[in-house]
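Here is what each chain is made of, one letter per residue.
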Amino acid sequence: MEFFEKDSGMKEKKPENAKKVLNAVLILLLLWAAIGLADYMRIRNFDRPLFCAEVQAKELDGRLVGAGYSVEYETGEGDKAFSHYVYRVFGMKADERFDG
């Protein structure tokens with residue numbers, strides 16, 4: 001009889017653990033969205049993003065990659081980092097702008 005009582009107690013913890021995992025996933029998703037939005041707002045103003053790594057750089061253009069998004073750009077003049085960019089989320093074009 002004692003064995004069944006301990007087993008039923010463990011079943012009660014499963015929904016609690018699932019809730020913790022769901023909360024952790026939700027927090028990570030919100031963090032990813034905040035980082036992506038911060039970078040997107042900087043890119044939209046033709047500034048360099050904060051959370052991207054340069055993977056391809058040439059003399060006049062290049063490519064930056066973040067977590068699930070990327071930016072292909074042409075270098076800008078003056079105080080602007082870019083004169084043209086293409087912003088992609090999971091490989092799909094989300095935005096494209098020209099300065100000028």
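Here is what the cut-offs are and how they apply
- By convention here, each chain's residues receive numbers from 1 onward along its written sequence.
- Side-chain atom pairs in this predicted model are given and counted only at pLDDT of 80 or more, local residue features only at pLDDT of at least 70, and totals for whole chains, interfaces and linings cover all residues.
- With hydrogens and water excluded, all non-hydrogen atoms of the structure serve as input to the side-chain values.
- Put simply, a nonpolar core is a bunch of buried Ala, Val, Leu, Ile, Met, Phe, Trp, Tyr and Cys residues held in one set by side-chain atoms that sit within 4.5 Å of each other.
- Accessible area is worked out with a 1.4 Å probe on protein chains only. A residue is then buried under 20% of its type maximum, exposed over 50%, and partly exposed in between.
- Working definition: helices are DSSP H or I runs of at least four residues, strands are E runs of at least two. Numbering for both runs from the N terminus.
- It only takes one pair of heavy atoms within 4.5 Å for two residues to be counted as in contact.
- Patches draw on residues past 30% relative accessible area with no salt bridge. Two like charges within 9 Å are joined, as are two nonpolar side chains (Val, Leu, Ile, Met, Phe, Trp, Tyr) within 5 Å.
- All accessibility values rest on the Shrake-Rupley procedure with a 1.4 Å probe; residue burial counts only the protein chains present in the view.
- Take a side-chain nitrogen of Lys or Arg and a carboxyl oxygen of Asp or Glu: if they are within 4 Å of each other, that pair is a salt bridge.

K.L.:
How do you make sense of the nonpolar core when you look at a structure like this?
P.N.:
A general tendency of soluble globular proteins is for nonpolar side chains to be buried together. In this structure, Tyr40, Ile43, Phe46, Cys52, Leu64, Tyr69, Val71, Tyr73, Phe82, Tyr85 and Tyr87 together form the largest nonpolar core, which totals 11 residues. Elements supplying a minimum of two residues to this core: helix H1 (2–44), strand S3 (69–75) and strand S4 (82–89). Sequence-distant contacts of Phe46, that is, excluding residues within four places in its chain, are made with Lys80, Ala81, Phe82, Ser83, His84, Tyr85, Arg97, Phe98 and Asp99.

K.L.:
Teacher, can you tell me more about a nonpolar patch on the surface here?
P.N.:
On the surface, Leu26, Leu29, Leu30, Trp32 and Phe90 cluster together to form a nonpolar patch covering roughly 540 Å² of accessible area. Here Trp32 is to be found in helix H1. Given the relative accessible area of 31%, Trp32 is considered partly exposed.

K.L.:
Where do I start with the environment of Glu77 in this structure?
P.N.:
For Glu77, the location among the structural elements is in the loop between S3 and S4. For the pair Glu77 and Asp99, spaced 22 residues apart in sequence, the C-alpha separation works out to 9.8 Å.

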